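Here is what each chain is made of, one letter per residue.
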Amino acid sequence: MSADLSLTAMLSMYAMLLIPVVIFFYLQLGIIRDTLLAAARMTVQLFLVGLYLKYIFQLNNPFISLLWVTVMLIVANLSILNKAGLKRGLFFWRSLIGVAGSTLLVSGWFILIAIQPDPIYDARYMVPIVGMVLGNCLRSNVLSLEHFYSGIRKNENEFMTYLMLGANLREATHPYLRDAIKAAVNPSVATMATMGIVSLPGMMTGQILGGAMPMEAIKYQIGIMICIFTAMVLAALLNIVLSLPVAFDDHQRLKQNIFL
Amino acid sequence: MISFSDITLQLHEQILLKDSNLLIKAGDKVVIRGPSGCGKSSLLKTAVGALALHKGTVRIDDIELSTSTVYQIRSRIAFIGQEPVLGAENVRDALLLPFRYKVHEGNQPPEKEIIRLLERLHLPATILEKSSARISGGEKQRIAISRALLLGKTTFLADEITSALDPESRSAVLDELFRSDITLLSVSHDSEWIKSCGRIVEISEQKLLEMES
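Procedures and definitions
- Residues numbered from 1 in each chain as written.
- Chains lettered and ligands numbered in written order.
- Predicted model: local features only at pLDDT ≥ 70, side-chain atom pairs only at ≥ 80, totals over all residues.
- Heavy atoms only, no water.
- Contact = heavy atoms within 4.5 Å.
- Buried area = accessible area lost by both parts, 1.4 Å probe.
- Salt bridge = Lys/Arg side-chain N within 4 Å of Asp/Glu carboxyl O.
- Polar contact = N/O pair within 3.5 Å; in protein donor to acceptor, adjacent residues only side chain to side chain.
- Helix = DSSP H or I, 4+ residues; strand = E, 2+ residues; numbered from the N terminus.
- Pairing = 2+ DSSP bridges.
- Axes fitted to C-alpha atoms, helices over the stretch in contact; angles between N-to-C directions.
- Buried < 20%, exposed > 50% of the residue type's maximum accessible area, 1.4 Å probe, protein only.
- Core = buried A, V, L, I, M, F, W, Y, C linked by side-chain atoms within 4.5 Å.
- Left-handed = near helix turned anticlockwise from the far one by under 90°.
- Nonpolar A, V, L, I, M, F, W, Y, C, P; charged D, E, K, R; others polar.
- Patch = residues over 30% accessible without salt bridge, like charges linked within 9 Å, V, L, I, M, F, W, Y side chains within 5 Å.
- Areas by Shrake-Rupley, 256 points an atom, 1.4 Å probe, with all protein chains shown as cover.
- 1 Å grid on protein atoms, 1.4 Å probe; cavity = no way out; pocket = protein on both sides within 12 Å on 5 of 7 lines; lining within 4 Å.
- Points joined across faces, edges and corners; volume = space filled by probe spheres on them.

(A) Local environment of the interface of chain B and chain A. Taken residue by residue, the interface counts 27 residues in chain B and 16 residues in chain A. Between chain B and chain A the total buried area reaches about 1,700 Å² when both faces are included, carbon and sulfur atoms providing 58% of it. The largest per-residue losses of area from chain B upon contact with chain A belong to Arg74, Val85 and Tyr101 of chain B, which jointly make up 37% of the total buried on that side. For the pair chain B and chain A, the interface holds zero salt bridges. The interface formed by chain B and chain A holds seven residue pairs in polar contact (both at pLDDT 80 or more) in total. Secondary structure elements with two or more residues in the side of chain B that touches chain A: helix H2 (70-76) and strand S6 (77-80) of chain B.

Right, here's the structure in full:
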């Protein structure tokens, strides 16, 4: 196992922050306050996460772990809708089904079929894996939903043309769905392709620092990358498809009151 | 046949038409006139459910426009706007686009028929390979008209579709659309077009008034 960082060790890390702060001071960037505030927030938030993860791991109760996973899913879902500029009240349940369904499917697959920990509900696996998948889905879901609805809104004339030519809602929205999924997934294809050369992924680095053998760590990394990628595609697709019935009126016109 | 019964049309809180009626029999050619912003284009849009009516009913060939029939109605009538959107990368894909939809599946016309139609509208066969981004407004208008004709449509809602055409192309379009089997409801400022229409309807004080043609 790696050495636990002592208080002095941590203080030495905070001291490193003085370098950018001094640079900001000389360049008069006016972002010192924001930087220090961000560092303070990071400290408090991670400290709290460490604290409750510690309890969740100690209790290792499947219901408490699932409760925590539920909280993560709800917070992620609200954040997706907010950032995509869509009204939460209209889309909450549909989007939650999309996000939760895809995240739980891939996480479940990884844990139950590939890892098979003992006990199977071990919080040490369930919580971080769902968390990592969800964190990555969040960004891609914001991209896909935002892209899809703004695409139709900006090209209303084109969208109406498809309808006038006899397209049903699924056919008329198809070009925008395709673009939205591409926009959401493209960055991840690039990330996968350069992984290991350009960047050493966070999870793998963390495991190696935590004392794992590199060859063990890369296997987990590959597993989690495939999980993330699959969940991204699934969630992006499900979220759009499930949102269609509330976003269009009975004449297939995009409702204007769905946007924030 | 197109019929508007007791329709009230409102756009952005402004009443454009109130309790108005209009009956267009099969084969009629109608042009709507009136000052800009009076609701000419909006009236056309209501017939295909692109714009909601505040009150009243629209019927196309005895099918009342409703939630359950809007899809059927759209597949029957052609709506062509002033600046048509081709909706595909190149002209060929744009012309064949509707045949990829379930409702028109299997009805794709043979290449020869497409080329013959394009030629009648003064468009060369080589335009099929052109990118949609590289064709002019007048060409776009004629491609949109061709697309509707290829679908075998006989009811046309046409909003200023000759605005970007030169006189020869315009008369070619008139030859195609003023056939006796085509029902036409249009908006136009083109004097040739207006002259060719058998009926002129004016929007005045929120009413549809039949004028002497």
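(B) Up close: the sheet that holds strand S8 (residues 183-187) of chain B. Residues and elements named next belong to chain B. Pairing is mixed in the open sheet, where six strands are placed in the order S6-S7-S8-S3-S9-S10. Of all the strands in the sheet, the pair left with one neighbour each is S6 and strand S10 (207-211). The average angle at which neighbouring strand axes cross in this sheet is 20°, direction not considered. Sheet topology note: the strand S9 (residues 199-204)/S10 ladder contains five bridges and is antiparallel. Residue Ser204 lies in a different strand from S10, and its bridge partner there is Lys207. This element, helix H5 (residues 137-150), spans S6 and strand S7 (155-159) of the sheet and lies at about 175° to S6.

(C) Representation of the sheet that holds strand S2 (residues 14-24) of chain B within the structure. All names here are of chain B. Read across the sheet, four strands follow the order S2-S1-S4-S5 without closing on themselves; strand pairing throughout is antiparallel. Here the strands that pair on one side only, and so sit at the sheet edges, are S2 and strand S5 (63-64). Of the strand pairs in this sheet, strand S1 (residues 2-11) and S2 are connected by seven bridges, and their pairing is antiparallel. Within the sheet, the bridge partner assigned to Gln10 lies in S2 and is Ile15.

(D) How the structure looks around the side chain of Ser65 of chain A. All names here are of chain A. Take Ser65: it is sitting in helix H4 (residues 62-83). Given a relative accessible area of 0%, Ser65 falls into the buried group. In this structure, Ser65 is in contact with Ile56, Ala123, Met126 and Val127, ignoring residues within four places of it in sequence.

(E) How the structure looks around the nonpolar core. In terms of nonpolar packing, the biggest core is built from 131 residues, with Tyr149 of chain A together with Leu185 and Trp193 of chain B touching the most fellow members. The biggest single contributor to this core is helix H6 (residues 123-154) of chain A, with 14 residues. Residues in contact with Leu185 of chain B, not counting those within four places in the same chain, are Ile2, Phe4, Leu22, Ile24, Val30, Ile32, Leu44, Phe156, Leu157 and Ala158 of chain B.

(F) Region of the structure containing the packing of helix H7 (residues 156-164) of chain A against helix H8 (residues 169-194) of chain A. All names here are of chain A. Packing of H7 against H8 leaves a shortest axis separation of 9 Å and a crossing angle of 145°. For the crossing formed where H7 meets H8, the hand is right-handed. Contacts between H7 and H8 involve Glu158, Phe159, Tyr162 and Leu163 from the former and Leu169, Ala172, Thr173, Pro175 and Tyr176 from the latter. Taken together, the residues that form the contact of H7 with H8 break down as seven nonpolar, one polar and one charged.

(G) Summary view of the pairing of S9 of chain B. Residues and elements named next belong to chain B. As defined by bridge partners, strand S3 (residues 29-33) adjoins S9 across four bridges and the pair is classed as parallel. Looking across to S9, one finds that Val30 is bridged to Arg199. What sits between S9 and S10 in their antiparallel hairpin is a turn of two residues, with Glu205 showing a positive phi close to 45°.

(H) Structural context of a nonpolar patch on the surface. A contiguous nonpolar surface patch, about 1,200 Å² in accessible area, is contributed by Leu5, Leu7, Met10, Leu11, Met13, Tyr14, Met16, Ile19, Ile23, Leu27, Leu29 and Ile31 of chain A. For the nonpolar patch, the secondary-structure elements that each account for two or more residues are helix H1 (7-16) and helix H2 (18-27) of chain A.

(I) Structural detail: the pattern of salt bridges. Applying the stated criterion across every chain yields a total of twelve salt bridges over all chains. In this structure, the salt-bridge partner of Asp249 of chain A is Arg253 of chain A, at a minimum N-O distance of 2.9 Å. Residue Glu192 of chain B pairs with Lys195 of chain B through a salt bridge whose shortest N-O separation is 3.6 Å. Taken together, the positions of Glu192 of chain B and Lys195 of chain B, both in helix H7 (residues 191-196) and three residues apart, correspond to about one turn of that helix.

(J) Structural context of empty space enclosed by the protein. Residue and element names in this part refer to chain A. Inspection of the entire model under this criterion finds one cavity of 30 Å³ or more. In this model, the largest cavity occupies a volume close to 30 Å³. Every residue along the wall of the largest cavity is listed here: Leu81, Phe91, Arg94, Ser95, Leu145, Asn239 and Ser243. Of all elements in the fold, only helix H5 (88-115) and helix H10 (214-247) reach the threshold of two or more residues within the lining of the largest cavity. Looking at the lining of the largest cavity, the element that brings in the most residues is H5, giving three residues. Its residues assigned to classes, the lining of the largest cavity comprises three nonpolar, three polar and one charged.

No statement about biological role is implied by the geometric values presented.
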